[in-house]
Amino acid sequence: MRVQFAPKYISQPILAWYDANARIMPWRVSPSECAAGVRPDPYQIWLSEVMLQQTTVAMVKAYFTRFTQRWPLVQDLARAQDAEVMAEWAGLGYYARARNLLACARAVTQFYGGQFPANHAALLTLPGIGPYTAAAISAIAFNLPETVLDGNVERVMARLFAVTEPLPTAKPHLFALAESQTPQARAGDYAQALMDLGATVCKPRTPSCGICPLAVLCDARAQGIAADLPKKLVRAPKPTRTGSLWVARRKDGAWLLEERRPKGLLGGMLGWPGSDWDNVKAPPPFETNWQKAGVFRHTFTHFHADMEVLTAQVGQADPKRGAFVAHNLFQPDDLPTLMRKAYDLAILV
Ligand code: SF4
């Protein structure tokens, strides 16, 4: 794609701003430490980037701290049991990413001696690492001049160059604009500076142009259209599907649980017997006097799932699926969010 733009030379003002305003993150090396030769830990940068694709910085900080306390090195994570990692990941969603996280840790340990390769092309061959994550690790961990384009940077570029084409169609254009600005020096600081500017100054609804180091260079500010950019294509509403879950507890406190099939949404996770979100009500795992606890909604990327929860307390039962797990071996926090919502509803009955 041919990109029309006038050069902006943003790296100098944004790096000066970053030197004074960099956010503190548990995985981050500050600009002054970086200038003194300290380098970030590629394992920590990779872990934080995978987590940041899921949720907010505030939530990632807690997950990141737990993961790195439990598995300080990529080799430690590679040796972890799948179920342990899935349980720590619970609440972050997109369990396919947790499975890829483990596969990547094992590949780095097996094929690279526990050292992430300092090379964009080699990073791209690892499980779960796509172009964005490879660029972020290359720039932040290894200071390579790769172009890192997350949602924050897209917004800054769209405003800086007053790009009115809507997302996601505008992505290649925005990437080319971002690439045109990427400096050869301080690539890691520059990538993080743009992310910080987008998160704290060039915010989605209310850009703080008055304190922005790029204000004099910004076309959207000059045209008075900053808050309207980036434009987005109107999305079709999400469909709603239904399903059912059977939450049974024995009088000795044991819960009836099962490990889900390895493939698909919530694959390999702990859960309650029931149906998927396929508009079919699953038969109960055993016959008893089941009570309706209620219906809750869980929203996946492409659809809403309205799940009916049925609950029962029994003396003895011989379930056709799942197995009773003693109450001292079960932690509700080990459940993925959808299953946790069913638990929260069932214990109210
Ligand atoms: Fe964003 Fe305003 Fe700065 Fe432009 S001047 S980059 S719109 S905060």
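Being a predicted model, the structure only gives us computed values, none of them experimental. (Residues numbered from 1 in each chain as written. Predicted model: local features only at pLDDT ≥ 70, side-chain atom pairs only at ≥ 80, totals over all residues. Heavy atoms only, no water.)

1. Observations regarding the side chain of Gln 192
Item 1. In this fold, Gln 192 is placed in helix H12 (residues 187-200).
Item 2. Taking relative accessible area as the criterion, Gln 192 reaches 6% and is therefore assigned buried.
Item 3. With residues up to four places along the chain from it excluded, the contact list for Gln 192 reads Tyr 18, Arg 28 and Ile 140. (Helix = DSSP H or I, 4+ residues; strand = E, 2+ residues; numbered from the N terminus. Buried < 20%, exposed > 50% of the residue type's maximum accessible area, 1.4 Å probe, protein only. Contact = heavy atoms within 4.5 Å.)

2. Re the site of the ligand
Item 1. Around the ligand, the neighbouring residues are Arg 159, Cys 202, Pro 207, Cys 209, Cys 212, Ala 215, Cys 218, Arg 221 and Ala 226.
Item 2. Classifying every residue of the shell around the ligand by side-chain character gives 7 nonpolar, no polar and 2 charged. (Near = heavy atom within 4 Å. Nonpolar A, V, L, I, M, F, W, Y, C, P; charged D, E, K, R; others polar.)

3. What to know about helix H9 (residues 131-142)
Item 1. Here H9 spans 15 Å end to end across 12 residues, near enough to the 16 Å set by a 1.5 Å rise per residue.
Item 2. Along H9, 9 of the 12 residues are buried, which leaves the element largely enclosed by surrounding structure.
Item 3. Looking at H9, one finds that the buried residues are Thr 133, Ala 134, Ala 135, Ala 136, Ile 137, Ser 138, Ala 139, Ile 140 and Ala 141.
Item 4. Packed against the buried residues of H9 are helix H3 (42-52), helix H8 (120-124) and H12. (Expected span 1.5 Å × (residues − 1).)

4. Quick word on the pattern of salt bridges
Item 1. Evaluation of the coordinates by the stated rule reveals 19 salt bridges.
Item 2. With its nearest N and O atoms 2.8 Å apart, the salt bridge here joins Arg 28 to Asp 196. One end of the pair, Arg 28, is in the loop between helix H1 (11-21) and helix H2 (31-35); the other, Asp 196, is in helix H12, and 168 residues separate them in sequence. We note that Arg 28, like Asp 196, is buried. (Salt bridge = Lys/Arg side-chain N within 4 Å of Asp/Glu carboxyl O.)

5. A word on the domain arrangement of the chain
Item 1. Annotation of the chain at the domain level lists domain 1 (11-228) and domain 2 (240-346).
Item 2. For domain 1 and domain 2, the distance between their C-alpha centres works out to 36 Å.
Item 3. Between domain 1 and domain 2 the total buried area reaches about 640 Å² when both faces are included, carbon and sulfur atoms providing 51% of it.
Item 4. Where domain 1 touches domain 2, the interface holds 1 residue pair in polar contact (both at pLDDT 80 or more).
Item 5. Breaking the side of domain 1 that touches domain 2 down by element, the ones donating at least two residues are helix H6 (82-89) and helix H7 (95-112).
Item 6. Looking at side-chain class alone, the side of domain 1 that touches domain 2 contains 5 nonpolar, 1 polar and 1 charged residues. (Domains from an automatic or database assignment. Buried area = accessible area lost by both parts, 1.4 Å probe. Polar contact = N/O pair within 3.5 Å; in protein donor to acceptor, adjacent residues only side chain to side chain.)

6. Observations regarding the packing of H9 against H12
Item 1. It is the contact of H9 with H12, at a shortest axis distance of 7 Å, that shows an interaxial angle of 125°. Between H9 and H12, the crossing angle belongs to the class labelled oblique. Packed against H9, whose contacting residues are Tyr 132, Ala 139 and Ile 140, the element H12 presents Ala 187, Gly 188, Ala 191, Gln 192 and Met 195 at the interface.
Item 2. Residue composition of the contact of H9 with H12, grouped by class: 6 nonpolar, 2 polar and no charged. (Axes fitted to C-alpha atoms, helices over the stretch in contact; angles between N-to-C directions. Parallel < 35°, antiparallel > 145°, perpendicular 65-115°, else oblique.)

7. Notes on the packing of H1 against H12
Item 1. Between H1 and H12, the least distance of the axes is 9 Å, while the angle of their chain directions is 75°. Between H1 and H12, the crossing angle belongs to the class labelled roughly perpendicular. Across the interface between the two elements, Ser 11, Ile 14, Leu 15, Trp 17, Tyr 18 and Asn 21 of H1 pack against Asp 189, Tyr 190, Gln 192, Ala 193, Leu 194, Asp 196, Leu 197 and Thr 200 of H12.
Item 2. Tallied by class, residues from the contact of H1 with H12 come to 8 nonpolar, 4 polar and 2 charged.

8. As for the packing of aromatic side chains
Item 1. Scanning the entire structure with this criterion turns up 16 aromatic pairs.
Item 2. Considering the side-chain rings of Trp 255 and Phe 330, the 6.0 Å spacing of their centres and the 55° angle between planes classify their relative orientation as tilted. Of this pair, Trp 255 sits in strand E2 (residues 255-259) while Phe 330 sits in the loop between strand E6 (323-325) and helix H14 (337-346), placing them 75 residues apart in sequence. Taken as a pair, Trp 255 and Phe 330 share a single burial class, namely buried.
Item 3. Clustering of aromatic rings is evident, with ring pairs tying together Trp 246, Phe 286, Trp 290 and Phe 324.
Item 4. Above the plane of the ring of Phe 324 lies Arg 250, whose end atom (NZ or CZ) is 4.8 Å from the centre. (Phe/Tyr/Trp six-rings, centres within 6.5 Å; stacked < 30°, edge-to-face > 60°. Lys NZ or Arg CZ within 6 Å of the ring centre and 35° of its normal.)

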